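Summary of the model geometry
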Amino acid sequence: RRQRQMCIRDRLYIKNIAVISEASIDFGPRFNVFTGETGAGKTILVSAINGVLGARMSRDIIRSGEDSAYVSALFTQLPQDVCAKIEEMGFEMQDDTLLIAREVGSRNLCKVNGRPATVQLLREIASMLIDVHGQKDNHRLLSPENHIAYIDAFGGLENCRREYQVLYEKILEVRNQLERVNRHDREKEHQVDLLTYQIGEIESAALHPGEEEELLLKRDQIANAERIIRLLSQSKQLLDGEEEVSGILQMFEELTNNLSQLTHFLPQMEPLAMRMEEIGYDLSDCAGDLGNYLDQMDYQPQELEQVEERLDLIYRLKRKYGNSVEEILEYLEKSREQLQQLNLSEEKAQELQEEYLHLKPQVQQAADLLTSRRHKAAKEFLSRVKKELEFLNMPSVRLSVSAGRSGWKPDGQDELEFLISSNVGEEPKPLAKIASGGELSRVMLSIKNVLAQKDRVGTAVFDEIDTGVSGKAAQKIGQKLQEVSCNRQVICVTHLAQVAVYADHHLLIEKSEEDGRTYTRIKPLDRQGRVEEIARMISGENLTETAIQNAREMLSLADQNPINNENNPLTIER
């Protein structure tokens, strides 16, 4: 058998997802294939993989009658650089192992090695672990706006593109500011008049922080002036006394005299006498303060009217500019700044115009550099894709790129579209116009394989990459997937026996009914099980001896593929 590489091993556990009640799947290294009848649950399996890697999962996926669904994936033998990046995200790594779990239903939880995580973090981690190719990717290939991304990924143009984007966003902001400054004169004049009026109205009020609270307190004092004076007078009389009635101060003076005399006989009372004397001084001070307050109580009736007018002014300003005096003053400062900007708009416009003219050649230079590198990368990219397609039974294929230019955009100035001709004598045309379903599948597989040589993602998942393909082309796809699995783990869902025979690990997805419920089970197949499943894929449920024999021959021929040949050992680099 072939030389085996060290690769990432994945264990997937699924519970209560659609027709899958519970399943635990151990993936092997290299090429894993899933087969089964239509509707058995193969697509659900891919959805579960996507879900644990951060894709959207709704409650609709929960198995009928259950409260929640759960899926987890175990990754082992992760490269050290991947482990380091995951630890930088705040998750501990032990023995190069990673466990990602996700639950949907009564609780929506994401966990990485037992620690809570966000869906966004799952997506970031997934981008380092698995590349999932579904049928939607074929449709994305039909949209020319997606073609640039393939070229950028192949050419490693992320930094070049990022440098352009920084300059593009900067000049876009300068242009937007310039447009705001150069508003129509009439609109500008109206805004200046409005701000001038508002600033004058607030400034003329001469507000200060806390003024409203002070006025409310003063209004309350004026309204209760008589009661305040009466209480102050009564308090002072209690301290000072009247002509025939001793006050607290007089009685306290007698008390301190008594205590002073007692200290001659009871020396231990001296501290108490001194305390009482101090209290007497404090009470005398209090009496003086009460007198001062009484002298200050001289409210005039017109003061209440003035306070009410001031409060009314504040109320009217609050209705326009804020909920408090402090907010009104903040509005005043902002209005002053806006007015200053408008008054300086001509000067500001000149500055922005100069900045725009300064940035313009820089942006154009960055865009031209990105265009040049894209054209160079596209040439090599299409050359490699062409070789892949030739292997996949498209010997006459011709590929080219329709290259045009537009104005500056977030991804550059380029308008690029892949063109293809699969038949001799025909000029290359857009994929959307001439590519059949089978051709589109092979183009997508070829692109994935070429891009795979540029990244270090350990696992590639293909969901029915062989759609629309049959015969020799299907056999070639099987061989190509087997070749890809020399450098990474491959997981493939297929309906074609020509693809399945090249797998290293064959898993069968089968559906059954028990007690009125539908169940999907996943089981690994041994050699005899593979023979029977391949025969079923060829001839249907009625297995004939001819179909069995054909299945054995197909598996034997797959074993003789050059990749399996002991005389052609592979050198695997990690």
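Residues numbered from 1 in each chain as written. Predicted model: local features only at pLDDT ≥ 70, side-chain atom pairs only at ≥ 80, totals over all residues. Heavy atoms only, no water.

Looking now at helix H1 (residues 42-52). For H1, the set of buried residues is Lys42, Leu45, Val46, Ala48, Ile49, Gly51 and Val52. Downstream of H1 by one or two residues, glycine 54 has phi in the positive range, about 105 degrees. (Buried < 20%, exposed > 50% of the residue type's maximum accessible area, 1.4 Å probe, protein only. Helix = DSSP H or I, 4+ residues; strand = E, 2+ residues; numbered from the N terminus.)

What follows covers the nonpolar core. Formed by 46 residues in total, the largest nonpolar core has its most connected members in Leu12, Phe34, Phe75, Ile86, Leu98 and Leu129. Apart from the residues lying within four places of it in its own chain, the contact partners of leucine 129 are Phe75, Leu78, Val82, Leu98, Ile100, Val457, Gly458 and Thr459. Val33, Leu481, Cys492 and Ala547 belong to the second largest nonpolar core, which has 31 residues in total. (Core = buried A, V, L, I, M, F, W, Y, C linked by side-chain atoms within 4.5 Å. Contact = heavy atoms within 4.5 Å.)

The subject of this paragraph is the packing of aromatic side chains. Summed over the entire model, instances satisfying the criterion amount to seven aromatic pairs. Aromatic side chains phenylalanine 154 and phenylalanine 381 sit 5.3 Å apart centroid to centroid with 55 degrees between the ring planes, which places their arrangement in the tilted category. Here the residue phenylalanine 154 occupies a position in helix H5 (residues 147-155), and phenylalanine 381 occupies one in helix H14 (residues 345-391), the gap between them amounting to 227 residues. There is no split in this pair, since phenylalanine 154 and phenylalanine 381 are both buried. Among the aromatic residues, those joined into a cluster by ring pairs are Tyr150, Phe154, Phe381 and Phe418. Its guanidinium or amino end placed over the ring of phenylalanine 391, lysine 476 lies 4.7 Å from that ring's centre, counting from NZ or CZ. (Phe/Tyr/Trp six-rings, centres within 6.5 Å; stacked < 30°, edge-to-face > 60°. Lys NZ or Arg CZ within 6 Å of the ring centre and 35° of its normal.)

Now for the sheet that holds strand S13 (residues 489-493). Strands sit in the order S8-S12-S13-S3-S14-S15 across an open sheet of six strands; the sheet is mixed. The sheet is open, and its two borders are formed by strand S8 (130-133) and strand S15 (517-524), each paired with just one other strand. On average, each strand axis in the sheet is tilted by 15 degrees relative to the strand beside it, whichever way the strands run. Note: strand S3 (residues 31-35) against strand S14 (residues 505-514), four bridges, orientation parallel. Among the inter-strand pairings, valine 33 is bridged to a residue of S14, identified as histidine 506. (Pairing = 2+ DSSP bridges. Axes fitted to C-alpha atoms, helices over the stretch in contact; angles between N-to-C directions.)

Of the pairings in the sheet, the one linking S14 to S15 comprises eight bridges and is antiparallel in character. Opposite glutamate 510, over in S15, you have arginine 521 as the bridge partner.

The subject of this paragraph is the sheet that holds strand S10 (residues 412-421). What links the strands of a sheet is backbone hydrogen bonding, and the strands pair in either a parallel or an antiparallel sense. Spatial ordering of the open sheet is given by S9-S10-S11, a layout of three strands whose pairing is antiparallel. Across the chains shown, the open sheet's two edge strands, defined by having one partner strand only, are strand S9 (398-409) and strand S11 (429-430). Relative to S11, S10 runs antiparallel, the two sharing two bridges. Opposite isoleucine 420, over in S11, you have lysine 429 as the bridge partner. Contacts from H14 reach S9 and S10, with the element oriented near 165 degrees to S9.

Running from N to C, helix H2 (residues 80-88) and helix H3 (residues 119-129) point in directions that differ by 175 degrees, and their axes come no closer than 11 Å. In terms of orientation, H2 lies roughly antiparallel with respect to H3. Contact residues: Val82, Lys85 and Ile86 in H2; Ile125, Met128 and Leu129 in H3. Across the contact of H2 with H3, the residue classes tally to five nonpolar, no polar and one charged. (Parallel < 35°, antiparallel > 145°, perpendicular 65-115°, else oblique. Nonpolar A, V, L, I, M, F, W, Y, C, P; charged D, E, K, R; others polar.)

Moving on, we come to the confidence of the model for the chain. Of all residues in the chain, 94% attain a pLDDT of 70 or more, and the chain-wide mean is 85. Residue range residues 565-574 is modelled with pLDDT below 50. Its contacts to residues more than four positions away, or to other chains, number 15 contacts. (pLDDT = per-residue confidence, 0-100.)

This part covers the pattern of salt bridges. Applying the stated rule across the entire model yields 27 salt bridges. Among the salt bridges present, the one from aspartate 131 reaches lysine 448, with a minimum N-O distance of 3.3 Å. With aspartate 131 in strand S8 and lysine 448 in helix H16 (residues 437-452), the pair connects residues that are 317 residues apart, well separated along the chain. A residue is classified by how much of its surface remains accessible, and aspartate 131, at 26% relative accessible area, is partly exposed. Taking the relative accessible area as the measure of exposure, lysine 448 reaches 14% and is therefore buried. Taking the shortest distance from any N to any O, the salt bridge between glutamate 427 and arginine 398 comes out at 3.9 Å. Residue glutamate 427 is found in the loop between S10 and S11, and its partner arginine 398 is found in strand S9; the two are separated by 29 residues along the sequence. By relative accessible area, arginine 398 is classed as partly exposed at 36%. Among the charged side chains, a network of salt bridges with common partners joins Asp152, Arg161, Arg374 and Asp414. (Salt bridge = Lys/Arg side-chain N within 4 Å of Asp/Glu carboxyl O.)

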